[in-house]
Amino acid sequence: MVLTEKGARFELLEPDTQTTLLLCVSPCKNDTVRILIDELQPIKARYRVQDVLTGEAQCARLRVEGQSKDCVTLSWSAGRHQVCVWRFPFRLEILCEDKVMVTFNSKGKLWFETLQDPPGFLAVFFFFLLMFTPFGSELHDDHAHLLWKETFRQFEDIKANGPSSIGSDLCLHGFSHVYGLPEHADGLQLRDTSDGDPYRLYNLDVFAYDLYSRLGLYGSVPLLVAHRPDRTVGVFWLNASETFVNVGYSMSAPPDGQTPALKRRQMEPQTDVHWLSESGVIDCVVLLGPGPQQLFTQYAQMTGYQALPPLFALGYHQSRWNYDDEADVKAVDAGFDRHDIPYDVIWLDIEHTEGKRYFTWDSALFPEPANLQRHLEERKRKLVVITDPHIKIDPGWWLSNEARNGGHFVKNRDGQIYEGSCWPGNSNYLDFSSPDTRAWYSRCFSLDKYKGSTPSLFVWNDMNEPSVFDGPEQTMPKDAVHYGRWEHRELHNLYGFYQHMATAEGLITRSGGLERPFVLSRSFFAGSQRLGAVWTGDNVASWEYLSISIPMLLSLSVTGIAFCGADVGGFFQDPEPELLLRWYQAAALQPFFRGHSAKGTKRREPWLFGEKVTAAIRTAIQQRYCLLPYWYTLFHLAHTTGLPPLRKGYRSFYPNPHRPLWVEFPGEQSTFGVDHQYMIGGALLASPVTDPGVQEVRVLLPGSDEVWYEVHTAKAHKGGRTLRLPVTLDTVPVFQRGGSVVCRSTGSGSCTAEQQQLPLSITVALNSEGLADGELYLDDGHSFGYRDRKAFCLRRFSLLSGRLLCRSRSEEGTFDCNVIIQSVTVLGLKSKPSTVVLHASGARDSFAAFEWTESCGMLTVNRLKLRVAMDWEMEIHEGYHVNVNNSATSSTVFDLSMDPKHQENEDSIRKQ
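Notes on the structure in this doc start here. Please read all numbers here as calculations on a predicted model, not as lab measurements. (Residues numbered from 1 in each chain as written. Predicted model: local features only at pLDDT ≥ 70, side-chain atom pairs only at ≥ 80, totals over all residues. Heavy atoms only, no water.)

**As for the sheet that holds strand β32 (residues 593-595)**
Strands sit in the order β31-β30-β29-β28-β24-β23-β22-β32 across an open sheet of eight strands; the sheet is parallel. With one partner strand each, in any of the chains shown, β31 (564-565) and β32 form the two edges of the open sheet. Pairing between strand β22 (residues 316-318) and strand β23 (residues 345-348): two bridges, direction parallel. When the bridges of β23 are listed, H317 appears paired with V345. Most of the contacts of helix α5 (residues 369-378) go to strand β24 (residues 382-386), to which it runs at about 140 degrees, and overall it touches β23, β24 and β28 (457-461). (Pairing = 2+ DSSP bridges. Helix = DSSP H or I, 4+ residues; strand = E, 2+ residues; numbered from the N terminus. Contact = heavy atoms within 4.5 Å. Axes fitted to C-alpha atoms, helices over the stretch in contact; angles between N-to-C directions.)

**Describing the packing of aromatic side chains**
For the coordinates displayed, the defined rule picks out 43 aromatic pairs. A centroid spacing of 6.1 Å and a plane angle of 75 degrees characterise the contact between F312 and F518, whose relative ring orientation is edge-to-face. Remark: F518 occurs in the loop between α9 (495-510) and β29 (519-521) and F312 occurs in the loop between α3 (292-303) and β22; sequence separation between them is 206 residues. Aromatic ring contacts, followed pair by pair, group F312, W347, F458, W460, F518, W535, F563, F592 and F635 into a single cluster. In this structure, R91 is placed above the aromatic ring of W86, and the distance from its NZ or CZ to the ring centre is 4.3 Å. (Phe/Tyr/Trp six-rings, centres within 6.5 Å; stacked < 30°, edge-to-face > 60°. Lys NZ or Arg CZ within 6 Å of the ring centre and 35° of its normal.)

**What about the pattern of salt bridges?**
Two side chains that carry opposite charge are able to pair once their charged atoms sit near each other. A full pass over the atoms with the stated rule returns 55 salt bridges. Close ionic contact of R379 with E378 constitutes a salt bridge, the shortest N to O distance being 3.7 Å. Take E378: its relative accessible area is 62%, and that puts it in the exposed class. A salt bridge links E605 to R603; its shortest N-O distance comes to 3.3 Å. Taking relative accessible area as the criterion, E605 reaches 4% and is therefore assigned buried. Classification of R603 by relative accessible area gives partly exposed; the value is 30%. Salt bridges linked by common partners bring D157, R200, E242, E278, E473, K478, E487 and R489 together as one network. (Salt bridge = Lys/Arg side-chain N within 4 Å of Asp/Glu carboxyl O. Buried < 20%, exposed > 50% of the residue type's maximum accessible area, 1.4 Å probe, protein only.)

**Points about unusual backbone geometry**
Here the residue pair F88 and P89 is connected by a cis peptide bond, since its omega of -5 degrees sits within 30 degrees of zero. Note that P89 resides in the loop between β7 (81-86) and β8 (91-96). Here the phi dihedral of D51 falls at roughly 70 degrees; this positive angle occurs in a residue that is not glycine. For D51, the position within the fold is in the loop between β4 (32-39) and β5 (63-67). A residue is classified by how much of its surface remains accessible, and D51, at 33% relative accessible area, is partly exposed.

Encoded structure:
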């Protein structure tokens, strides 16, 4: 053992082969522990994932707490955390406050195959297995028969340095619920794999994927999150090769020498996780939480925070494979206005190009693409086009020639440019792992190179797993060669991540670094959250796919990718009207909101299913637009590193806008398995209807001390129970949590640019203590001015002791906006107020007219003109004389502005 600035180094020796590995243990000050294992003296460097981590965390200094011939105990963080390294059999225990949380190599499954120089295919390779166990012996017998050359159907895979797989197991003590490892069409909680296949992380183009399957889909995030009421921990396995993960739930045995009854009482759950990757090194980070908020922050500090999208990207997107021509695009655009349905972006699939040549336009169908974009821009709308990673082999095409001459294509194992088949036919594939290739590709988005493009054109990366129609498993062969002579097997899961990066950088460069990009990618990896949005790929128009979309998106959210969505209505096949409507209602309450459909399906613009369905879809989309101030604020919180402090009576914010219930209610076991309802931020609970013909739903309202208000009726419900709620085709169960403040627009406008100009309404939902708190973030909605010039406005609304205050949340913000608050609604008042008094900076105090609804204790103050950027407060008083102008059985309007007694009351209130 050697103690260093970055932790501790150990040598691991396998006595039979005398093979030596180097173990580095690096604890960090943000309560994470990095475990790195590599060959001590490899014949060449093994691949290590690049560009995913945003920077090295600050390491904590280790000190020796105890040492014996069997183990050494090291501590950091004032002794709160410890690492105990056992000599033989090797294992590594991570302790928090003297309790073992995680054990690395708990069952001796550490596995490391060393690289070899092949003298030819008759060479016999050797492998490293640190601890011989029944499992290890079995693996040894199977593994000894593997060859340097493998055959899959008609494909031959030659391994340049022989088999090089690595793996290990970890035991998560006291945990029986684990999540993460997207992307799989499965439930939110990971299942025990002992009765079947492991979870596979291998990015593939899978059309109409199987449901409840552990097979890999379009993207991979090797983060597993374990949670119990008092603790949250995570395991991040930084490896981009094909990876399998086994999960096993069990009860751990208590110490010997106890009675059977005592043993049963002391049994505690544990989760065993076994990772096995095809190549690379063991690079494992254990995140110690202790709660969900801290864990998500730890992960974001490693891999990056969610990018702040331009505001239009949070609006509704209309897409199809394919809109026929410019006239078709304009007709669809006009249709949204004609039917009073807001939207922001229309999309073009591969048919808009000249013969599937990306960065081109079909001259017959889209002869004036720049004019088309200007036509949309006049209406404050955008156009998105597709760019795939394959490049049509065409000696007469400038882009193909530039890429070939610049050495920007992936090569095959013989050193020739790799050829595969995709939409254009025979194609070459760009090597985005090369920084030079990414820089060249980024320049292709400049307005002078991308003819027909304008600044209002944005991009969609598809088929970037990569998809190769004639390749093994419809992807690139593993022995293809990338920049640095790395085999494709080493970095397969990074391919789409790198295209996403190059595209986002291209759009930023196009604007001179001034404008935020919008790029949607089908393939992704850890860190993709800082590049843009992702979606769940080629789903199907069925109720089952609608239902599975919710846990799929929640799994992405748990692993840091907050800007995610599923194709509304299903990409393939034709949805019935009820299914389409329910899908719109669900997707309007999810981060990325796009309707998309396949070539050959029936057209499905929202007004094609009869007026009743059109009206309900219109309502769902309009409500989405009204809620955009809240969504945008959540994305700001996800994007920034500074989280509000936890205070009694105030909501805490986690760095992901869309989250499972257990994240917000970590102590309530009833929420741990819920994946059909979720939280939008800390304030709203959504439970979309995902079954046909439903007239009643059951909604879990967490928190026995919580109050929940139905958004559409303002009716209050006590938490800690399951509510039976009647629903119609027009209703979606959404609840506002007591103690929160939610800002909405008073209308939707026709797009986000119009919605930005509208006044706001705020809804204050009181908790059981009569408190509420919330935030509102505003900026110009499109530029990096918020970052470079601090051109933003962050306001805080808090209600305490009958006083609603609007104050600055940040001293830095310089964005001077003219947005006004037009109405304030307070839910949960116990008695009707007598007066409502407004105090605003630079203005005389005034009494405000208000409406009181007795049945739900709701106060509504309308016709306000309170500037968001200005400090003001609203006092809600009891016990003063009121002048009743209008009354009804359920509500009463109080107008105090005409009462002569109010002037003397006003003077008294000012003094108070």
